[in-house]
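Residue-level structure breakdown
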Amino acid sequence: MIEPVRFAGDSLELLDQRLLPAEETWITCSDAASVVEAIKTMVVRGAPAIGVAAGAGVALAARAGSGGGPDAFRAAVAEAVDALVAARPTAVNLAWAARRVAAAVDTALENGALPGDAAAAAWAEALEIRDEDLAANKDIGRHGSMLVPDGARVLTHCNAGALATAGYGTALGVIRGAVEDGKKVTVIADETRPFLQGARLTAWELQQDGIPVVLITDSMAGALMARGEIDLVVVGADRIAANGDVANKIGTYSVAVLARRHGIPFYVAAPTSTLDRDTPDGRAIPIEERDASEVTTIGGVRIAPEGITVRNPAFDVTPAELVTAFVTEKGIHRPPYARTLARALGIVEDEAQAGDAVAAEGAASTPAPVASASSSTSANVDDGSEGAEDADIGDEQEMF
């Protein structure tokens, strides 16, 4: 199995995803600053993977600062957290993981641990985040397989596979789960301009596993849908707002609109660590703007005139109304998302109902969908009704 993030003794090793598929090179990070740089430059990318890397980055900072007194030690950890969180602002897993490892340091110190022991606790917490992500991805695959019929042609966008996680993947985890269940699946991979994660990473990753994959340009998806050559869409997510709005790689929104127009289910697969209850809706999600060179060059070759004005938002936001269902390690979640996603996080019912009201207010200013997508029930589904989340795996099959 592909593991893009490896814990090796006193350092972190990252598979340099900028060089794939031509070259498999590992970069060693021995301090928090090198992890920040690796995240900024997309050596490591994908929300869960950069979360794992960020957790390790805080742990490395804790090790480096453990020789000083408690105050200096705390300051070194806090400085690393701030730098890591600022590295890429859209993916919520990054901040979640960094702050979780910092909290482990605080807990250890409050319990009387010396800085060295607190640093050891930080490394153990970072390892736990990695292990939890891998387990969550496999559960996502197990649940998501229920949504994939035998013989399905599945469109993906960007890379939400093993390379974007601790291993196995989210959207590609759903594909792997279906294949492991004995289903024949063909993946149609959007190239995903401008960084070409679909062409360089998804296609390579699926080839490694022997899963049939067809590469298309981003602009071909609508035509294939119109010709009946795509059965469902599965994508990952970098942040999911409390109301179910989804920030994901730029171009995801366009795919969701096309899927709704053609009555094709549009599924989002992500661990619950990607759910952000502190962000009420997509309007509050910060969207990272990246360097113009990613648009004006391909493989180091300039394709645009010098001096041209460029926009390069790395992500877009897909409204919750365009999402057929979410798949997390807790199961399959359907509207109303403010309630069902809250339940996935263990939020009590009255808080979830308050979220429903906020979601309804936001939806009132959103244009109505142009078509209706599939919304039938599936095993381990939470559709907002009492007890729905307690359904047993395997009792029902998703119908399209």
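Residues numbered from 1 in each chain as written. Predicted model: local features only at pLDDT ≥ 70, side-chain atom pairs only at ≥ 80, totals over all residues. Heavy atoms only, no water.

Burial runs high along helix H6 (residues 171-180): 8 of the 10 residues are buried. Among the residues making up H6, those that are buried are Ala171, Leu172, Gly173, Val174, Ile175, Arg176, Gly177 and Ala178. Next to the buried residues of H6 lie helix H5 (115-144), strand S4 (152-156), strand S5 (185-190), helix H7 (197-209), strand S7 (232-235) and strand S10 (266-269). A positive backbone phi angle near 90 degrees is found at Gly182, which sits one or two residues after H6. (Buried < 20%, exposed > 50% of the residue type's maximum accessible area, 1.4 Å probe, protein only. Helix = DSSP H or I, 4+ residues; strand = E, 2+ residues; numbered from the N terminus. Contact = heavy atoms within 4.5 Å.)

What follows concerns the pairing of S10. With burial as the criterion, each face of S10 is covered, one bearing Phe266 and Val268 and the other bearing Tyr267 and Ala269. In the sheet, S10 pairs with strand S15 (residues 325-328) via 3 bridges, with the strands oriented parallel. Its bridge partner lying in S15, Ala269 is registered against Val327. (Pairing = 2+ DSSP bridges.)

Take unusual backbone geometry next. Peptide bonds are trans in most cases, and residues, glycine excluded, mostly fall at negative phi. Here the bond from Arg193 into Pro194 is cis, since omega is 10 degrees, no more than 30 degrees from zero. On the secondary structure map, Pro194 appears in the loop between S5 and H7.

A few words on the sheet that holds strand S11 (residues 275-276). Strand order in the open sheet formed by 4 strands is S11-S8-S9-S14, with mixed pairing between adjacent strands. Of all strands in the sheet, those with a lone pairing partner are S11 and strand S14 (315-318), marking the two edges. In the sheet, strand S8 (residues 239-241) pairs with strand S9 (residues 246-249) via 2 bridges, with the strands oriented antiparallel. Looking at S9, one finds that Arg239 is bridged to Ala247.

Leu12, Leu14 and Ile39 are the most contacted members of the largest nonpolar core, which totals 43 residues. Secondary-structure elements contributing two or more residues to this core are strand S1 (5-8), strand S2 (11-15), helix H1 (32-40), helix H2 (47-65), helix H3 (70-87), helix H4 (92-110) and H5. Element by element, the count of residues in this core is highest for H2, at 11 residues. In contact with Leu12, other than residues within four places in its own chain, are Val5, Arg6, Phe7, Ile27, Thr28, Cys29, Val35, Ala53, Ala56 and Leu60. Core analysis: the second largest hydrophobic core is formed by 27 residues, Met225, Val246, Ala320 and Ala344 among them. (Core = buried A, V, L, I, M, F, W, Y, C linked by side-chain atoms within 4.5 Å.)

Another point: the pairing of strand S6 (residues 213-216). Here S5 pairs with S6 via 4 bridges, running parallel. By the bridge assignment for S6, Ile188 is matched with Val214. You can see the chain leave S5, run along H7 and come back into S6, and the turn it takes is right-handed. (Right-handed = clockwise from strand over helix to strand, strands pointing away.)

A few words now on the pattern of salt bridges. Once the charged atoms of two side chains with opposite charge are near each other, the side chains can pair. Under the criterion given, the structure shown has 19 salt bridges. Note that Arg18 is salt-bridged to Asp16, the shortest N-O span being 2.9 Å. Residue Arg18 is classed as partly exposed on the basis of its relative accessible area of 37%. Owing to a relative accessible area of 3%, Asp16 belongs among the buried residues under this scheme. For Arg142, the salt bridge goes to Asp139, with nearest N and O atoms at 3.3 Å. Here Asp139 and Arg142 lie together in helix H5, a separation of 3 residues that amounts to about one turn. We classify Arg142 as partly exposed; its relative accessible area is 41%. When salt bridges that share partners are traced, they join Arg88, Glu288, Arg290 and Glu294 into one network. (Salt bridge = Lys/Arg side-chain N within 4 Å of Asp/Glu carboxyl O.)

Attention now moves to the sheet that holds S1. Here 3 strands make up an open sheet; going across it, the order is S1-S2-S3 and the pairing antiparallel. Lying at the two open borders of the sheet, with one neighbouring strand each, are S1 and strand S3 (26-29). Within this sheet the neighbouring strands show an average axis-to-axis angle of 25 degrees, counted without direction. Two elements, S1 and S2, share 4 bridges in a ladder whose sense is antiparallel. Paired with Ala8 across the two strands is Ser11, which belongs to S2. Together, S1, S2 and S3 form the strand contacts of H2, whose direction differs from that of S2 by roughly 155 degrees. (Axes fitted to C-alpha atoms, helices over the stretch in contact; angles between N-to-C directions.)

Let us look at the confidence of the model for the protein. Per-residue pLDDT for the protein has a mean of 89; in total, 87% of the residues score no lower than 70. Below a pLDDT of 50 lies the segment residues 362-379, which in the model reaches 42 contacts outside its immediate sequence neighbourhood of four places, other chains included. pLDDT under 50 marks residues 385-400. Its contacts with residues more than four places away, or in other chains, come to 41 contacts. (pLDDT = per-residue confidence, 0-100.)

Glancing now at helix H9 (residues 252-261). The periodicity of an α-helix, 3.6 residues per turn, causes residues three or four places apart in sequence to face the same way. Those residues of H9 that sit buried are Thr252, Val255, Ala256, Ala259 and Arg260. Projection of H9 onto a plane perpendicular to its axis shows the buried side chains occupying an angular sector of 135 degrees, all on one side. Just downstream of H9, Gly263 is the residue with a positive phi angle, here 65 degrees. (Arc of directions from axis to C-beta.)

With respect to the helices and strands, the residue Arg45 is situated in the loop between H1 and H2. One buried charged side chain, Arg45, makes no salt bridge at all; its nearest oppositely charged neighbour is Glu205, positioned 6.4 Å away. Engagement of the side chain of Arg45 in a polar contact is seen with the side chain of Gln17, the distance being 3.1 Å. Within the structure, Arg45 has its side chain in polar contact with the backbone oxygen of Asn159 (distance 2.7 Å). In contact with Arg45, other than residues within four places in its own chain, are Gln17, Ile50, Arg88, Cys158, Asn159, Leu163, Ala164, Gln197 and Leu201. (Lys, Arg positive; Asp, Glu negative; His and termini not counted. Polar contact = N/O pair within 3.5 Å; in protein donor to acceptor, adjacent residues only side chain to side chain.)

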